[in-house]
Structures are given as C-alpha cells and as structure tokens.
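# Descriptive structure summary
What follows is the residue order along each chain.
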Amino acid sequence: MIVHLDADAFFVSVEQALKPELRGKKVAVGGRQRGIISSASYEARACGVYTPMPTTRALRVCPDLILVSHSSGLYGQYSRQMFEICETLTPQVQRNSIDEGYLDLSPCGFKSSEEIEMAVRRLQQKTWDQLQITVSFGIATNKLVAQIASKLRKPRGFVVVPPGTEAGFLAPLGIGKLPGVGPKTEAALAERHGIRLIGDLAAGPEDELRAIFGAGWREMLAMAKGIDSGSVEIDREDAKSYSQQETFAEDIGEVAAIEQVAKRMIDELMPAIRADRKRVRTMTVKIRYPDFSQESHGRSLDVATDIEASFYPLVGPLLRAAWRKPRALRLVSVRFSSVEDGPAQLEIFAQADDKRRRLADVLDRLNDRGRASVVQHGHQLGVRPPREAPGNE
Amino acid sequence: MKFKINRDHFANGLAQVLNVVGSKATMPILSNVLIEAEKDQISLTTTNLDLGIRCKIKAEVKETGSVTLPVKRLATIVRELPNIDVTLDASPNHQVKLSSGGSNFRIMGIGREEFPPLPEFGDEKAYSLEQAELATMLKNVSYAQSTDETRYILNGVYFNFKDGKLSLVATDGRRLALTAKEMTVPAASAGAIILPAKTVGELLRLLDKGEKVKINFNDRRASFQIATDKDNSGLIDSVYLYSKVVEGNYPNYQQVIPKETHQRIKLERELFLQCIHRAALVCSEKANSVKIKLTSNLLEITAQSPDFGEAHESMAIGYSGPDLQVAFNPAFVMDPLRALTKDEVFFELKDEVSPGVFKTLDSFICVIMPVRLS
C-alpha cells in the first residue's frame, strides 16, 4: 500500500507549534511590505486568503489577518524531522517537497489493511506529539489515489481507499481533483463537454476522450479510473538542482545591484554544492517584475564545476537576456542544475582553478559550509550579510 | 548594371560567399550579397561585420554598376534556373530582372550605399603559404578550439609566426593541439593572431582552390587571399577573406606541453581509432570516459555506463613499461586520430592524473587531459 502525507498549512503549523497562542486564529506566513502569502491557516482561508497571493491583497480581504514573517531555515528543519518520523515506519520515503511525500509500506510486512491503518494512525499521532503539527494522510494502492485521498479532508485528514474501490472512490469527486487539471481546464471540460466529475470522464466514450485530450487521452482515462503505476522513489539524497531567490523590500532597477545579488547567491549556493561533493553545469537566472510576470534564461558551461568564479561571467549576459523590459524588478533567483558527481574532467590550464579550489576549501571551513559568513567575496561588500543557508530542491 | 553569366559559375560564386551573413533583425543589408559588374567580371561580396568574403567570376558585362540582393534566396533561385545562360539586369531603383530561358524573376534589391565597406589594410605583416599545407595544419588543430563563449580567447586558432616557424595552436582548456612548419620569419614580421572559429571554418572550406594563399594581418584584422588557379567553375583571380581577430592574450601553451617523455607507445592510428570508437558506443553523457590500460605488450580499452553496460577492447602493442591506467573523454582521443593522416602515431602516458600526448614524426602534438575516476 502507498501512503501520501501532506502537512496541513505547513509554514503556519510550524509557527503555531512554536507560538501556541496563534492556534485557531487567522494567521498567514508572508512578507509584510511587498511579499506574498506562502501559507495560510484554515481560519484565514475561510476569509478568502489563498496561496500564493500578494500580502497587500490578503490584508484587504482579511484585515485582521495575523501576519508572521518567513522564518528562514525553520521549515526545512521541521520538514526533515517530519520525514525522519516517517522513516521509523518504512525506509521507502519519497520527499516530494518540503511538506508532502509518499511512503511505500510494502516492505513492512503488514498482514491486513487494519494493521496498516493502525500504523498510519500511530504515525499521525506521533508527528503531533513530537512536532505539534498536523498532517493529513491518504492510503491507497497507488500514488495517484493516495494523493487525492490525503487532500480530501484536510486538516488532520485520514482517508483510506480499500483495494478495488479506486474508481468508485474517485467517481463522485470533481474533475479538478485530478493532477494536471487546473481551474481553466476544469471550467472548459464542464462547459464544453459536460464533464464535471471524475466519474463523467471515466465513463466517457473513447473517441470523445480522444478528441478532447489528444494523444494523452489514455493517461487521462487511466487516471480517472484510479490506475497509476508510479513507484515511490527514494533518491532524495541527490538534489536535482540548487536554487535561491530573493524578493526585494523595494523594486530594484539598477543592473549593478541585481548583479551583486545574483553573485551573492552564487557564493551562497556553491558551498552547499561542494559540501554535497557535486558539480553543476547550468545556471538559470529568473527575474520577476512588479506585476508578477517573470522571465528566465539559462546557459550551460562546457564542463560541470564547483567553483564560483566559473559562473560569474554568465551573470551579466543571463540577466540581460531575461530582463528585457525597462522596468524595475521585485525578485531575482539563481538556480544551478545539470548536477554531476561522476568522474571529473581535468583542466589543462589548471593552476588558476586549483588555487581557487584550495581557496574555496579554506573559505568553506571558515564559513562553516555556508552556514556562517566570516569571510565574504569583495563584490558582497556594502551589502548586508547573507540571509539564509541555501536550500535544495 | 547588366551582365550575362553562366548559371553554374554564378551559382558556384554565390555558394562561396553565402555562409557569411549577419543577423537580419539588426541590419537587413547584411543578408544581401553585393554584386559589382566591371569589365569582364562580376565580384560578389558578403559580410557579417566580423568577417567578409569576396570572390570574382567571369561574366559578359554589358553595363557596369552594382546592386545588393538577398544572398540565400538568390543562390537558391540561380541553382534552379532552367537554362545555362543567365541575364541579370538592375534598374536604377534597385529592382533586378533575372532571366534564363523561359524563366523571369523580378527581385527587390537594396542600393550599394548601405553595404558596409570591407576593411582597408594599412601596414600589415604578410606571408605566403601553400593552400594544401595550411588546410592540413588547420585540420590538425581546429577540433580543439573551444565553443564555450565564456572563454572567448579560446574560440579560435592561434597563428604564431615566430622563431623561424609558423605554429598553429587550438585549445578548449582540456586538450591542446599544436602543429608547426618551418618558414622564414623576418624579425619585423614576427607576430601572432587568434583567428576566430567562424573564420577558420570558412577558410577550411575555401582552401582547395589553387596553389597559394597569402596572409596579411595586424593587431586587429587578418586577410587571406586564396588563389583560384585550380578552379574551373568560373572563379577568377582570388577569393578574399577579411576577418577581425580575437583580441586578447592567448594562454602560454608552451608551459602545458609535457617536457619529459614517460611511457611511449606506437599505435596503428586506424586500428586504435576503431577500438576507441567501438568502446565509446556504450558511453553516455553522464559516463563519458574510456579507460586505457597498459600492461606488458597489451593495450586494453574499457568503457561502461551504469544503465547500459560495458565494452572491452584489446590491442597487441609493443610495451614493456610498468602497468598503468588512465581514463579520457573518448572524443578527445578520437578527434586527433581522425584529423591525422599518418598511419602511425605515438601516444605518451604517465599516470592517471597526467596528460596523454599524441605525437607524429611531423611537428604535431596533441595534449589531452584525463578524466579523474572517482
């Protein structure tokens, strides 16, 4: 059996765990001045606050919203603890994101569905006892159905779909519950084809489905019938990318200032990459305008590297390629992908790189692998010290 | 302007110049070829501002003059014309009438005033070389140029006229190829340039048209005058290539060429190339290396990728040194082997972190850095 766990209003739950006086109130985590709401309590959601939503709008729809600013590093720590508790039940844990994941219980040797249910209930209780956060669970024979089940009765949801009842379980649910069906598709399906429930889709004649969904119709039909063969993947050790982003307190229009921020992000991400003994090849710079429209541009080096200086020359060109409109920016992010850890191609003119690597090694030790900022690069002078430890995706 | 020309000669001339066009968005004129008719020839010129090409073709000129036309389209049309005789007639408003047999085309041109002039050369250094020899030298090194735009200094071939020889060098920072030929280098004419990769490509394409090629260069530009005396498809005089050079200091390549010889083996080039090529068939982007192992009179090549499988090749060689093992990117091994023409090459190795060095009895060296196995 597969279990999907989904923490309820995760960031808010963590804040409430630390400050119990916030429980039962309209609380949201987000930046006050210019930020966006990244998590809202169920009481706040009842007032029309959703995520992501600009803070200013959230305060308009819910003037008595209690706004808590984002605590860096804290949520990652709780997330780790939550998944560690899951690992006491089964080693097969797939961390999908900071607040949700899948457990595969097949290696646990449970003999009946009652045993499984009991074990997952104990897990739900244990998470509450140890972390004071609530998590919703869905139990089913596959990932798709488990995921839909866990989101069905939040918060503190606990939905079990017995084997063989998947199609019947999904049939009365709205079509929008299927992954990949957003509000626009949902509306279009209802208006044009009269498909409102997952059951409508599962019962649809094949040629009609083919006409609506094109090449992907078989997958859609399989989903509607609750069929999914995806397996729980536990390669969480391997980060697929390293990224960092910053929303500015005030829009920034100067290229030099943005370049400085991007370079600082490189300086903060590289120690984490070196600590994981990885190298990266592709850098992507994303920018966001005040109206939330965004652009990104990426470029790859010939060879993967773990040295900051190799990426500095890309900052200017990538920023210019992404930042086309003559407007100030509210956000910039840097992402490294094409992560490698295989054999390393040696360089012919290696003296400069060797020196840089030795220097980086010393700096990493002084800066505690990116967790402190004892020594900074010159281009960071005049900027406030680094904010937070870089996160992995 | 009005002239009559042989269709195949015209098409051949356009084919010489049509690779060099600029971006249409910024300067539409750079997508055009400048056609100038004078006496008994027409000249065709294209440029992208970094690089320009001019060639001349014989034609029956009835009225001198000039016009510019979109080169790609024109070349396609000329190739397809039905009759061997082609007449081109340009009116003063830059409209061109192109006729051949029963085909008639009217094409919108742009006046020549907007066409950027090719650079004038002042006091530059000049050399004359055999075309075939320069082509061979370029082939022997050009694969090692870098395509990484962040290392623009390496995006070209380094021409160094110094100490009684011309050395050509290319490197991408992981391998370096060098070839040299002895020639008279007057002290006043000693000097070096980095010829951009695009120019190298065009030069390689053009270098089989005749006996000699003349090189002129200064700190900012280079030009190549390529004789067309072996050409019988209408080209006359020479093809001229004008190029900017990459400005900057080329890295000190002398210091990365190993001074000592450690273990040297003699290899049959074709056989070794085939073995590496076969072994590399199992490589993947993530596992892109072949391991070379030397033991007494035996060379073994292995490659593997975790999701596919592995390959093992062996070759008998003359070797009595210590056992050693080193891994390389297979392309770095194959590129020089493909470029060379000699039947035998020497390959020098030391250990798993030291470069491998290919040599021939000519002045050719290719240094390739290994892949360090984790």
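This report concerns the structure included in the present document. The numbering scheme is per chain: residues are counted from 1 as the chain's sequence reads. The naming scheme follows written order: chains are lettered A onward, ligands numbered 1 onward. Where local features are concerned, this predicted model is filtered to residues with pLDDT of at least 70; where side-chain atom pairs are given and counted, the filter is 80 or more; whole-chain, interface and lining totals use all residues. For side-chain calculations, the full set of non-hydrogen atoms in the structure is used, while hydrogens and water are omitted.

Size of an interface: often given as the accessible area lost when the parts come together. We call two residues contacting when some pair of their heavy atoms lies within 4.5 Å. If you look at the interface, chain B gives 27 residues, while chain A gives 18 residues. As a working definition, buried area equals the accessible area (1.4 Å probe) given up by two parts on being put together, with both sides summed. For the chain B face of the interface with chain A, the top three residues by lost area are B:T150, B:R174 and B:R372, together amounting to 28%. Any Lys or Arg side-chain nitrogen located within 4 Å of an Asp or Glu carboxyl oxygen qualifies as a salt bridge. In this assembly, chain B and chain A are joined by three salt bridges. We note a salt bridge from A:R299 to B:E149, for which the minimum N-O separation is 3.8 Å. Polar contact is defined as a pair of N or O atoms within 3.5 Å, subject to the rule that within protein one atom must be able to donate a hydrogen and the other to accept it, and that residues adjacent in sequence are counted only when both atoms are side-chain atoms. One can count seven residue pairs in polar contact (both at pLDDT 80 or more) joining chain B with chain A. Of all elements in the fold, only strand 13 (175-182) and strand 26 (371-372) of chain B reach the threshold of two or more residues within the side of chain B that touches chain A. Residues were grouped as follows: Ala, Val, Leu, Ile, Met, Phe, Trp, Tyr, Cys and Pro as nonpolar; Asp, Glu, Lys and Arg as charged; and all remaining residues, including Gly, as polar. Along the lines of polarity and charge, the residues of the side of chain B that touches chain A split into ten nonpolar, nine polar and eight charged. The sheet contact formed by strand 14 (residues 344-345) of chain A and strand 26 of chain B spans two bridges and is antiparallel. Paired with A:A344 across the bridge in strand 26 of chain B is B:R372. Think of it this way: any DSSP run of H or I at least four residues long counts as a helix, any run of E at least two long counts as a strand, and we number them from the N terminus. Here the rule is simple: two strands pair whenever DSSP picks up at least two bridges between them.

This part is about the sheet that holds strand 21 (residues 309-316) of chain B. Through backbone hydrogen bonds, the strands of a sheet pair up, either in parallel or in antiparallel fashion. All names here are of chain B. If you trace the four strands from one edge of the open sheet to the other, you get 21-20-19-22, paired in antiparallel fashion. Only two strands of the sheet have a single neighbouring strand rather than two, namely strand 21 and strand 22 (324-328). Each neighbouring strand pair of the sheet contributes to a mean axis angle of 20°, computed without reference to strand direction. Sheet analysis places strand 19 (residues 290-295) next to strand 20 (residues 298-305), joined by six bridges and oriented antiparallel. Counterpart to K293 in the pairing with strand 20 is E300. Only C-alpha atoms enter the line fits that serve as axes; for helices the fit covers just the stretch in contact. Angles between N-to-C directions range over 0 to 180 degrees. Along the sheet, helix 5 (residues 269-280) contacts strand 19, strand 20 and strand 21; its crossing angle with strand 21, the most-contacted strand, is approximately 165°.

Our next topic: the sheet that holds strand 1 (residues 2-6) of chain B. All names here are of chain B. The sheet built from five strands is open, its strands ordered 5-1-7-8-9 with antiparallel pairing. Looking at which strands have only one partner, the edges of the open sheet turn out to be strand 5 (60-63) and strand 9 (103-108). Pairwise comparison of adjacent strand axes, ignoring direction, gives a mean angle of 15° for this sheet. Here four bridges tie strand 7 (residues 85-90) to strand 8 (residues 95-100), and the two strands are oriented antiparallel to one another. Note that in strand 8 the partner of T87 across the bridge is S99. Strands strand 1, strand 7 and strand 8 of the sheet are contacted by helix 1 (residues 7-17), whose axis makes an angle of about 95° with strand 1.

To continue, consider the nonpolar core. Nonpolar cores were defined as sets of buried Ala, Val, Leu, Ile, Met, Phe, Trp, Tyr and Cys residues, with membership established by side-chain atoms within 4.5 Å. Accessibility here uses a 1.4 Å probe with only protein chains present; expressed as a share of the type maximum, an area under 20% marks a residue as buried, one over 50% as exposed, and anything in between as partly exposed. Residues B:F10, B:I35, B:L134, B:F159 and B:F272 are the most contacted members of the largest nonpolar core, which totals 103 residues. With near-sequence residues (within four places) excluded, B:F10 lies in contact with B:F3, B:I5, B:I35, B:I42, B:L44, B:I57, B:L74, B:V78, B:L88 and B:L98. A:V14, A:L105, A:L123 and A:I133 belong to the second largest nonpolar core, which has 34 residues in total.

By convention, a stacked pair of Phe, Tyr or Trp rings (six-membered ring in the case of Trp) has centres within 6.5 Å and planes under 30 degrees apart, an edge-to-face pair has planes over 60 apart, and any other such pair is tilted. All chains considered together, the criterion is met by 14 aromatic pairs over all chains. Measuring from ring centre to ring centre gives 4.1 Å for A:F11 and A:Y75, while their planes differ by 10°; the resulting arrangement is stacked. One end of the pair, A:F11, is in helix 1 (residues 10-18); the other, A:Y75, is in helix 4 (residues 74-87), and 64 residues separate them in sequence. Judged by relative accessible area, A:Y75 falls into the buried class, the value being 2%. Following the ring pairs from residue to residue traces out a cluster consisting of B:F272, B:F328, B:F347 and B:F358. Geometrically, a charge over a ring is one whose NZ (Lys) or CZ (Arg) sits within 6 Å of the ring centre while staying within 35 degrees of the ring normal. Over the ring of A:Y289 we find A:R327, and its NZ or CZ is 4.8 Å from the ring centre.

Turning next to the side chain of B:S100. Inspection of the secondary structure puts B:S100 in strand 8. When sequence neighbours within four positions are dropped, the list of residues in contact with B:S100 reads B:L81, B:P82, B:N83, B:D85 and B:V86.

Before going further, it helps to spend a moment on a nonpolar patch on the surface. All names here are of chain A. Patches here: salt-bridge-free residues with over 30% relative accessible area, like charges joined within 9 Å, nonpolar side chains (Val, Leu, Ile, Met, Phe, Trp, Tyr) joined within 5 Å. Note that accessible areas follow from Shrake-Rupley with a 1.4 Å probe, and for residues the cover is restricted to the protein chains shown. On the surface, V362, L366, V374 and V375 cluster together into a nonpolar patch covering about 320 Å² of accessible area. Structurally, V374 is set in the loop between helix 14 (351-366) and strand 15 (391-392). When its relative accessible area of 58% is taken as the criterion, V374 is described as exposed.

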